[in-house]
Amino acid sequence: MIQVYLLAVGELRCQIEKNTASLPGWEKLAGWQQEKISRCAAPGTRALCMGGQLLLQYGACEWAASFDKSDAKPAAIENGISWRVIDFSELPEHIAAPQPLTVAYEAGGKPHILHVPWHYNLSHSGDYVALAISDASVGIDIQQMRPYRDSLVKRFFSAQEAAAYQSLVSVDVQRGRTLFYTLWCRKEAYGKLLGTGLTEEVLGHNMLGDMGVCLYEYGELPGYRICVCDRGR
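Quick summary incoming for the structure in this document. (Residues numbered from 1 in each chain as written. Predicted model: local features only at pLDDT ≥ 70, side-chain atom pairs only at ≥ 80, totals over all residues. Heavy atoms only, no water.)

**Section: the overall build of the protein**
Here is step 1: The number of helices and strands found in the protein is eight helices and nine strands.
Here is step 2: Scaling as 2.2 N^0.38, a compact globule of 233 residues should have a C-alpha radius of gyration of about 17 Å, and the protein matches this with 18 Å.
Here is step 3: Projected onto the principal axes, the alpha-carbon positions of the protein cover approximately 50 × 45 × 35 Å.
Here is step 4: A buried classification covers 49% of the 233 residues belonging to the protein.
Here is step 5: When contacts within the protein are restricted to residue pairs at least 6 apart in sequence, those whose partners lie at least 24 apart make up 66%.
Here is step 6: As displayed, the protein has an accessible area near 11300 Å², and 51% of this comes from carbon and sulfur atoms.
Here is step 7: Across the protein, 22 positive and 25 negative side-chain charges occur, with their mean positions spaced 5 Å apart. (Helix = DSSP H or I, 4+ residues; strand = E, 2+ residues; numbered from the N terminus. Rg over C-alpha atoms; globule rule 2.2 N^0.38 Å. Buried < 20%, exposed > 50% of the residue type's maximum accessible area, 1.4 Å probe, protein only. Contact = heavy atoms within 4.5 Å. Areas by Shrake-Rupley, 256 points an atom, 1.4 Å probe, with all protein chains shown as cover. Lys, Arg positive; Asp, Glu negative; His and termini not counted. Charge placed at Lys NZ, Arg CZ, Asp CG, Glu CD.)

So this is what it looks like as C-alpha coordinates:
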(Lines give C-alpha, C1' and ligand atoms only; values in the text may rest on other atoms or scores of the structure.)
Protein backbone atom coordinates (compact mmCIF):
# COMPACT_ATOMS: atom_id res chain seq x y z
CA MET A 1 0.00 0.00 0.00
CA ILE A 2 1.06 3.59 -0.62
CA GLN A 3 -0.23 6.62 1.24
CA VAL A 4 0.41 10.04 -0.32
CA TYR A 5 -0.02 13.31 1.56
CA LEU A 6 -0.05 16.70 -0.20
CA LEU A 7 0.48 19.82 1.88
CA ALA A 8 0.23 23.51 0.91
CA VAL A 9 2.81 25.56 2.81
CA GLY A 10 1.50 29.03 1.94
CA GLU A 11 0.30 29.62 5.51
CA LEU A 12 3.63 28.44 6.90
CA ARG A 13 5.56 30.56 4.40
CA CYS A 14 3.84 33.66 5.77
CA GLN A 15 4.77 32.76 9.36
CA ILE A 16 8.30 31.48 8.81
CA GLU A 17 9.84 34.96 8.96
CA LYS A 18 9.22 34.84 12.71
CA ASN A 19 11.26 32.80 15.17
CA THR A 20 10.98 29.29 13.70
CA ALA A 21 11.01 27.63 17.11
CA SER A 22 7.80 29.49 18.03
CA LEU A 23 5.83 28.12 15.08
CA PRO A 24 3.00 25.61 15.61
CA GLY A 25 4.33 22.08 15.33
CA TRP A 26 7.99 22.85 16.05
CA GLU A 27 7.84 20.86 19.29
CA LYS A 28 6.45 17.86 17.36
CA LEU A 29 9.72 17.41 15.45
CA ALA A 30 12.76 15.31 16.35
CA GLY A 31 16.01 17.13 17.07
CA TRP A 32 17.61 16.21 13.73
CA GLN A 33 14.54 17.51 11.92
CA GLN A 34 14.74 20.84 13.74
CA GLU A 35 18.44 21.09 12.87
CA LYS A 36 17.70 20.32 9.21
CA ILE A 37 15.11 23.11 9.05
CA SER A 38 17.36 25.59 10.86
CA ARG A 39 20.10 25.07 8.26
CA CYS A 40 17.81 26.42 5.52
CA ALA A 41 18.71 30.07 4.99
CA ALA A 42 15.88 31.22 2.71
CA PRO A 43 12.41 31.55 4.30
CA GLY A 44 10.71 29.80 1.37
CA THR A 45 13.07 26.84 1.54
CA ARG A 46 12.70 26.71 5.33
CA ALA A 47 8.90 26.60 5.01
CA LEU A 48 9.04 23.73 2.52
CA CYS A 49 11.53 21.85 4.69
CA MET A 50 9.45 22.28 7.85
CA GLY A 51 6.30 21.27 6.02
CA GLY A 52 8.02 18.14 4.76
CA GLN A 53 9.37 17.16 8.17
CA LEU A 54 5.99 17.71 9.84
CA LEU A 55 4.40 15.61 7.10
CA LEU A 56 6.90 12.85 7.86
CA GLN A 57 5.92 12.88 11.54
CA TYR A 58 2.25 12.99 10.58
CA GLY A 59 2.63 10.14 8.10
CA ALA A 60 4.47 8.00 10.65
CA CYS A 61 1.60 8.46 13.11
CA GLU A 62 -1.02 7.75 10.46
CA TRP A 63 0.80 4.62 9.28
CA ALA A 64 1.03 3.25 12.81
CA ALA A 65 -2.69 3.89 13.34
CA SER A 66 -3.77 2.40 10.00
CA PHE A 67 -2.98 -1.22 10.92
CA ASP A 68 -4.47 -3.47 13.53
CA LYS A 69 -2.86 -6.63 14.85
CA SER A 70 -3.95 -8.58 11.78
CA ASP A 71 -2.16 -6.11 9.47
CA ALA A 72 -5.35 -5.55 7.50
CA LYS A 73 -5.16 -2.81 4.89
CA PRO A 74 -7.40 0.18 5.59
CA ALA A 75 -10.46 0.60 3.37
CA ALA A 76 -9.31 4.08 2.30
CA ILE A 77 -6.63 2.53 0.09
CA GLU A 78 -7.89 1.92 -3.47
CA ASN A 79 -5.83 0.27 -6.20
CA GLY A 80 -2.88 0.19 -3.84
CA ILE A 81 -2.65 3.95 -3.29
CA SER A 82 -4.46 6.71 -1.44
CA TRP A 83 -4.09 10.47 -2.09
CA ARG A 84 -4.86 13.03 0.59
CA VAL A 85 -4.60 16.83 0.46
CA ILE A 86 -4.30 18.21 3.98
CA ASP A 87 -4.12 21.64 5.63
CA PHE A 88 -1.12 22.77 7.65
CA SER A 89 -3.42 23.32 10.65
CA GLU A 90 -4.17 19.57 10.73
CA LEU A 91 -0.56 18.53 11.30
CA PRO A 92 0.34 19.61 14.86
CA GLU A 93 -2.96 18.53 16.41
CA HIS A 94 -2.66 15.02 14.94
CA ILE A 95 0.92 14.44 16.12
CA ALA A 96 0.61 13.54 19.80
CA ALA A 97 4.38 13.62 20.32
CA PRO A 98 7.41 13.49 18.04
CA GLN A 99 8.04 9.97 16.80
CA PRO A 100 11.63 8.83 17.57
CA LEU A 101 12.56 8.76 13.88
CA THR A 102 16.20 8.15 13.03
CA VAL A 103 17.24 8.97 9.48
CA ALA A 104 19.98 7.19 7.53
CA TYR A 105 21.08 7.42 3.90
CA GLU A 106 21.66 4.85 1.18
CA ALA A 107 24.79 4.90 -1.00
CA GLY A 108 23.13 7.17 -3.57
CA GLY A 109 21.87 9.58 -0.89
CA LYS A 110 18.28 8.35 -0.63
CA PRO A 111 17.05 8.78 2.97
CA HIS A 112 15.26 6.12 4.99
CA ILE A 113 14.10 5.76 8.57
CA LEU A 114 15.77 3.09 10.66
CA HIS A 115 13.85 0.35 12.47
CA VAL A 116 10.42 0.97 10.95
CA PRO A 117 8.39 -1.31 8.63
CA TRP A 118 7.84 1.39 6.01
CA HIS A 119 9.66 3.44 3.40
CA TYR A 120 9.18 7.09 2.50
CA ASN A 121 10.05 9.71 -0.07
CA LEU A 122 9.55 13.50 -0.08
CA SER A 123 9.30 16.05 -2.87
CA HIS A 124 8.40 19.72 -3.08
CA SER A 125 7.67 22.30 -5.76
CA GLY A 126 5.99 25.69 -5.74
CA ASP A 127 3.81 25.92 -2.64
CA TYR A 128 3.37 22.17 -2.09
CA VAL A 129 5.17 19.35 -0.33
CA ALA A 130 4.38 15.73 -1.22
CA LEU A 131 5.10 12.69 0.95
CA ALA A 132 4.75 9.03 -0.04
CA ILE A 133 4.86 6.31 2.61
CA SER A 134 4.80 2.67 1.56
CA ASP A 135 5.50 -0.86 2.75
CA ALA A 136 8.12 -1.09 -0.02
CA SER A 137 10.65 1.25 -1.62
CA VAL A 138 8.96 4.22 -3.30
CA GLY A 139 9.76 7.41 -5.21
CA ILE A 140 7.61 10.53 -5.56
CA ASP A 141 7.90 13.78 -7.49
CA ILE A 142 5.73 16.89 -7.66
CA GLN A 143 6.27 19.61 -10.24
CA GLN A 144 4.62 23.00 -10.56
CA MET A 145 3.94 23.52 -14.27
CA ARG A 146 6.01 26.63 -14.90
CA PRO A 147 7.24 27.95 -18.26
CA TYR A 148 10.11 25.89 -19.69
CA ARG A 149 12.39 25.83 -22.72
CA ASP A 150 11.65 23.35 -25.52
CA SER A 151 15.40 22.68 -25.69
CA LEU A 152 15.01 20.64 -22.48
CA VAL A 153 13.03 18.05 -24.44
CA LYS A 154 15.86 17.39 -26.88
CA ARG A 155 18.43 17.43 -24.09
CA PHE A 156 16.74 15.22 -21.50
CA PHE A 157 14.02 13.15 -23.21
CA SER A 158 14.42 9.88 -25.11
CA ALA A 159 13.85 9.90 -28.87
CA GLN A 160 10.41 8.31 -28.42
CA GLU A 161 9.40 10.83 -25.75
CA ALA A 162 10.64 13.80 -27.78
CA ALA A 163 8.73 12.63 -30.86
CA ALA A 164 5.51 12.20 -28.85
CA TYR A 165 5.95 15.64 -27.29
CA GLN A 166 6.64 17.42 -30.61
CA SER A 167 3.68 15.70 -32.25
CA LEU A 168 1.34 16.77 -29.46
CA VAL A 169 2.61 20.30 -28.78
CA SER A 170 2.37 21.19 -32.47
CA VAL A 171 -1.43 20.81 -32.33
CA ASP A 172 -2.21 21.54 -28.66
CA VAL A 173 0.25 23.57 -26.60
CA GLN A 174 -1.53 22.92 -23.30
CA ARG A 175 -1.62 19.16 -23.76
CA GLY A 176 2.01 19.24 -24.84
CA ARG A 177 2.89 21.16 -21.67
CA THR A 178 1.04 18.59 -19.57
CA LEU A 179 2.92 15.75 -21.31
CA PHE A 180 6.24 17.50 -20.65
CA TYR A 181 5.59 17.63 -16.92
CA THR A 182 4.07 14.16 -16.84
CA LEU A 183 7.26 12.71 -18.32
CA TRP A 184 9.50 14.84 -16.12
CA CYS A 185 7.67 13.69 -12.98
CA ARG A 186 7.92 10.07 -14.08
CA LYS A 187 11.67 10.38 -14.57
CA GLU A 188 12.18 12.08 -11.21
CA ALA A 189 10.02 9.54 -9.36
CA TYR A 190 11.75 6.62 -11.11
CA GLY A 191 15.21 7.98 -10.27
CA LYS A 192 14.16 8.50 -6.66
CA LEU A 193 12.81 4.95 -6.46
CA LEU A 194 16.17 3.65 -7.64
CA GLY A 195 17.98 6.03 -5.29
CA THR A 196 20.16 7.37 -8.10
CA GLY A 197 18.39 10.59 -9.05
CA LEU A 198 18.34 11.82 -12.66
CA THR A 199 21.28 9.91 -14.08
CA GLU A 200 21.85 9.65 -17.83
CA GLU A 201 20.45 6.12 -17.68
CA VAL A 202 17.22 7.32 -16.03
CA LEU A 203 16.88 10.26 -18.42
CA GLY A 204 17.41 7.98 -21.41
CA HIS A 205 14.58 5.62 -20.51
CA ASN A 206 11.36 5.92 -22.46
CA MET A 207 8.80 6.70 -19.76
CA LEU A 208 5.98 6.17 -22.24
CA GLY A 209 6.84 2.47 -22.44
CA ASP A 210 6.87 -0.44 -20.02
CA MET A 211 9.49 0.37 -17.40
CA GLY A 212 8.90 -2.73 -15.31
CA VAL A 213 7.58 -0.49 -12.51
CA CYS A 214 4.20 0.89 -11.48
CA LEU A 215 3.39 4.58 -11.97
CA TYR A 216 0.58 6.33 -10.10
CA GLU A 217 -0.31 9.86 -11.19
CA TYR A 218 -2.37 12.63 -9.68
CA GLY A 219 -3.57 15.51 -11.82
CA GLU A 220 -6.27 17.02 -9.60
CA LEU A 221 -4.06 19.71 -8.06
CA PRO A 222 -4.41 22.69 -10.46
CA GLY A 223 -1.09 23.73 -11.96
CA TYR A 224 0.82 20.67 -10.68
CA ARG A 225 1.72 17.16 -11.82
CA ILE A 226 2.53 14.40 -9.34
CA CYS A 227 3.88 10.90 -9.91
CA VAL A 228 4.60 8.02 -7.53
CA CYS A 229 6.72 5.08 -8.64
CA ASP A 230 7.21 1.64 -7.08
CA ARG A 231 8.17 -1.85 -8.22
CA GLY A 232 4.65 -3.24 -8.08
CA ARG A 233 3.26 -6.03 -5.94
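Resuming the write-up.
**Quick word on the sheet that holds strand E8 (residues 214-218)**
Here is step 1: Read from one edge to the other, the open sheet built from three strands follows the order E7-E9-E8, with strand pairing classed as antiparallel. The sheet is open, and its two edges are formed by strand E7 (139-144) and E8, each paired on a single side. Geometrically, the sheet is characterised by an average inter-axis angle of 15 degrees between neighbouring strands, direction not taken into account.
Here is step 2: Both E8 and strand E9 (residues 224-230) contribute to a ladder of five bridges, which runs antiparallel. Across the sheet, Cys-214 pairs through a bridge with Asp-230, a residue of E9. (Pairing = 2+ DSSP bridges. Axes fitted to C-alpha atoms, helices over the stretch in contact; angles between N-to-C directions.)

**So, the pattern of salt bridges**
Here is step 1: All told, the structure shown has four salt bridges when counted by the stated rule.
Here is step 2: Salt-bridge contacts for Lys-187 lead to Glu-161; the nearest nitrogen and oxygen are separated by 2.8 Å. Here Lys-187 is found in helix H7 (residues 173-194), whereas its partner Glu-161 is found in helix H6 (residues 159-169), with 26 residues between them in sequence. Comparing Lys-187 with Glu-161 shows no difference in burial state: the two are buried.
Here is step 3: Here the salt bridges do not stand alone but share partners, grouping Glu-62, Arg-84 and Glu-90 into one network. (Salt bridge = Lys/Arg side-chain N within 4 Å of Asp/Glu carboxyl O.)

**Details of the nonpolar core**
Here is step 1: With 34 residues, the main nonpolar core has Leu-12, Met-50, Leu-55, Leu-91, Trp-118 and Tyr-120 as its most contacted residues.
Here is step 2: Of all the secondary structure elements, the ones that give two or more residues to this core are strand E1 (2-8), helix H3 (43-65) and strand E6 (128-134).
Here is step 3: When residues of this core are assigned to their parent elements, the largest contribution, 11 residues, is made by H3.
Here is step 4: The residues contacting Leu-55, other than those within four sequence positions of it, are Tyr-5, Leu-7, Ile-86, Leu-91, Val-129 and Leu-131.
Here is step 5: Ranked by size, the runner-up nonpolar core spans 25 residues in total, among them Val-153, Phe-157, Tyr-181 and Cys-227. (Core = buried A, V, L, I, M, F, W, Y, C linked by side-chain atoms within 4.5 Å.)

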